[in-house]
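A structural walkthrough
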Amino acid sequence: MSDKTEKFTAFGTIPDAYQSELLTIAGEECNEVAVRISKMQRFGIDEVEPGQLNTNAARLSMEIGNLQCMIDELVDEGLVDREWVSIGYHEKADKLPRFMRNTKVRS
Ligand SMILES: [Mg+2]
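Before going into details, it helps to say that this report is about the structure given with it.

Thresholds, definitions, all that
Residues numbered from 1 in each chain as written. Predicted model: local features only at pLDDT ≥ 70, side-chain atom pairs only at ≥ 80, totals over all residues. Heavy atoms only, no water. Donors = N, O, S within 2.8 Å, 3.2 Å for Na, K, Ca; no water. Helix = DSSP H or I, 4+ residues; strand = E, 2+ residues; numbered from the N terminus. Buried < 20%, exposed > 50% of the residue type's maximum accessible area, 1.4 Å probe, protein only. Contact = heavy atoms within 4.5 Å. Expected span 1.5 Å × (residues − 1). Polar contact = N/O pair within 3.5 Å; in protein donor to acceptor, adjacent residues only side chain to side chain. Salt bridge = Lys/Arg side-chain N within 4 Å of Asp/Glu carboxyl O.

**Describing the coordination of the magnesium ion**
Within the protein, the atoms that donate to the magnesium ion are E29 (OE), E32 (OE), E63 (OE) and N66 (OD1), at distances of 2.1 to 2.3 Å. Spacing between the donor residues of the magnesium ion along the chain follows E-x2-E-x30-E-x2-N. One end of the pair, E32, is in helix α1 (residues 17-43); the other, N66, is in helix α2 (residues 56-76), and 34 residues separate them in sequence. Judged by relative accessible area, which is 31%, N66 ranks as partly exposed.

**A short note on the environment of V75**
Here V75 shows up in helix α2. Along the chain, V75 and R106 lie 31 residues apart, while their C-alpha atoms are 35 Å from each other. When near neighbours in sequence (up to four residues on either side) are disregarded, V75 contacts V80 and R82.

**Things to note about the side chain of R59**
Its location among the elements puts R59 in helix α2. For R59, a relative accessible area of 16% gives the class buried. Apart from residues lying up to four places away in sequence, R59 is in contact with R36, E49, Q52 and N54.

**Considerations on helix α3 (residues 82-99)**
Here α3 is 18 residues long and its end C-alpha atoms lie 25 Å apart, about the 26 Å a rise of 1.5 Å per residue gives. Where α3 begins, the capping side chain belongs to D81, and its oxygen is found 2.7 Å from the backbone nitrogen of E83.

**Quick look at the pattern of salt bridges**
Applying the stated rule across the entire model yields 3 salt bridges. The partner of D72 in a salt bridge is R82, with the nearest N and O atoms 3.2 Å apart. One end of the pair, D72, is in helix α2; the other, R82, is in helix α3, and 10 residues separate them in sequence. Put simply, K95 and E91 hold a salt bridge, and the shortest N to O gap is 3.8 Å. You can see K95 and its partner E91 sitting in helix α3, 4 residues apart, about one turn around the helix. Judged by relative accessible area, K95 falls into the partly exposed class, the value being 41%.

So, in structure tokens, the structure goes:
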């Protein structure tokens, strides 16, 4: 029987302060991409939010650029492996048609 007061110890390498900050910023960029996707779905691809200069498409694209920058930083810092990224990319591309309900209507 385990003692519930027993302290759990992580055996993995804990990110240092710099790496942790990069991970935090990368997570923030993931959330910003998610927000832009939601806004595009709700308000339209080419809508320009009052007070903004760019369309939802442009703003989503910029946030994806922000995220891509952070992904590159994570790769440079050794926290993300480009080969695994490539494996994940191709795995998703292969599975996508099988799991989507809709098919592309435009060429
Ligand atoms: Mg951003």
